[in-house]
Amino acid sequence: RIRSRVPSATPVANAKLPGYGLRFHKRSRDGSGKCNVISSDDETVYGVVFEVNPDELDALDEAEQQGRRYWRQSVTVEGEETHLDAFAYVADPFFVDDTLLPYDWYHALVLAGAREHNLPSDYVAQIEAVRSYPDPNEERRRRYRSLLEEVGYPLLRS
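Residues numbered from 1 in each chain as written. Predicted model: local features only at pLDDT ≥ 70, side-chain atom pairs only at ≥ 80, totals over all residues. Heavy atoms only, no water.

Q: What is the right way to look at the overall build of the chain in this model?
A: The helix and strand inventory of the chain stands at five helices and four strands. Computed over its C-alpha atoms, the radius of gyration of the chain comes to 15 Å, within 12% of the 15 Å expected for a compact globule of 158 residues. The principal-axis extents of the C-alpha atoms in the chain amount to approximately 40 × 35 × 35 Å. Expressed as a percentage of its 158 residues, the buried residues of the chain come to 39%. In the chain, 64% of the contacts between residues at least 6 apart in sequence involve partners at least 24 apart. Taken as a whole, the chain presents about 9,300 Å² of accessible surface, with 48% of it coming from carbon and sulfur. When the 20 positive and 27 negative side-chain charges of the chain are each reduced to one mean point, those points stand 8 Å apart. (Helix = DSSP H or I, 4+ residues; strand = E, 2+ residues; numbered from the N terminus. Rg over C-alpha atoms; globule rule 2.2 N^0.38 Å. Buried < 20%, exposed > 50% of the residue type's maximum accessible area, 1.4 Å probe, protein only. Contact = heavy atoms within 4.5 Å. Areas by Shrake-Rupley, 256 points an atom, 1.4 Å probe, with all protein chains shown as cover. Lys, Arg positive; Asp, Glu negative; His and termini not counted. Charge placed at Lys NZ, Arg CZ, Asp CG, Glu CD.)

Q: Would you explain the pairing of strand β4 (residues 83–91) in this entry?
A: Look at any regular strand and the pattern is simple: side chains alternate between the two faces of the sheet. Relative to β4, strand β3 (residues 70–78) is paired through nine bridges, and the arrangement is antiparallel. By the bridge assignment, S74 is partnered in β4 with F87. Taking the residues that link successive antiparallel strands as the turn, the β3-β4 hairpin has four residues. (Pairing = 2+ DSSP bridges.)

Q: I keep staring at the pattern of salt bridges and nothing clicks. Help me out?
A: Two side chains that carry opposite charge are able to pair once their charged atoms sit near each other. Here the structure, examined in full by the defined rule, presents 11 salt bridges. For K34, the salt bridge identified is with D30, shortest N-O distance 3.2 Å. Judged by relative accessible area, which is 9%, K34 ranks as buried. (Salt bridge = Lys/Arg side-chain N within 4 Å of Asp/Glu carboxyl O.)

Q: Help me understand the packing of helix α3 (residues 104–116) against helix α4 (residues 121–128) in this model?
A: Each pair of packed helices gets described by two things: the angle between the helix axes and the distance between those axes. Here α3 crosses α4 at 175 degrees, and the two axes come no closer than 10 Å. Between α3 and α4, the interaxial angle falls into the category roughly antiparallel. Where α3 abuts α4, its residues H107, V110, L111, A114 and R115 lie against V124, I127 and E128. Looking at the contact of α3 with α4, its residues break down into five nonpolar, one polar and two charged. (Axes fitted to C-alpha atoms, helices over the stretch in contact; angles between N-to-C directions. Parallel < 35°, antiparallel > 145°, perpendicular 65-115°, else oblique. Nonpolar A, V, L, I, M, F, W, Y, C, P; charged D, E, K, R; others polar.)

Q: I would appreciate a short explanation of the packing of aromatic side chains in the present structure.
A: Note on aromatic pairs: each is described by the distance of the centres and the angle between the planes. Evaluated as defined, the whole model comprises nine aromatic pairs. With 5.1 Å between their ring centres and 85 degrees between their planes, F94 and F95 make a pair best called edge-to-face. A ring pair is formed by Y103 and Y133, whose centres lie 5.1 Å apart and whose planes are at 65 degrees; its orientation type is edge-to-face. With Y103 in the loop between β4 and α3 and Y133 in the loop between α4 and α5 (138–150), this residue pair connects regions lying 30 residues apart in the sequence. Given a relative accessible area of 31%, Y133 falls into the partly exposed group. The structure contains a cluster of three or more aromatic residues connected by ring pairs, namely F24, Y103, W105, Y106, Y133 and Y144. Lying over the aromatic face of F94, R27 brings its terminal NZ or CZ to 5.6 Å of the ring centre. A cation over an aromatic ring shows up here: R72 above the ring of F87, its NZ or CZ 4.8 Å from the ring centre. (Phe/Tyr/Trp six-rings, centres within 6.5 Å; stacked < 30°, edge-to-face > 60°. Lys NZ or Arg CZ within 6 Å of the ring centre and 35° of its normal.)

Q: Even after reading the chapter, I still don't get the side chain of D104, so can you show me in this structure?
A: In this structure, D104 sits in helix α3. For D104, a relative accessible area of 2% translates into the label buried. Here R141 takes part through its side chain, which lies 2.3 Å from a polar atom of the side chain of D104. (Polar contact = N/O pair within 3.5 Å; in protein donor to acceptor, adjacent residues only side chain to side chain.)

Purely spatial values, then, with no claim about function.
Listed below in structure tokens is the structure:
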């Protein structure tokens, strides 16, 4: 999915971000919950660092609504052998709503990415445990179901 937005995106390392937690509480334009990282002393976010051509950052910022719904925040993540300077998109507090849930296809995309990049199994289990619900927009749900099936991660719920 990131390569459709930023063709140069190349995974360079799995990493962790101690002192942060993953939430699905950022209000999306479609009304569902999307990913956000929050400061949380006793949690760690695991993910993938991608190298991106600087000429494509504007496209990524636009896709993530940088400066409107998300803010690009510099972070230092821990790779296997070194620390890396990176950035994460952090939700503007105005768009955070802890009552939100992700659509099932979005949840499945996040889960597929975690599995694809072999993130720690207990972290994958935490993502699996997040409740989701069917997208009422059948066309969008069908499109993402096809994408997930194409890469070998079928949407499990009907």
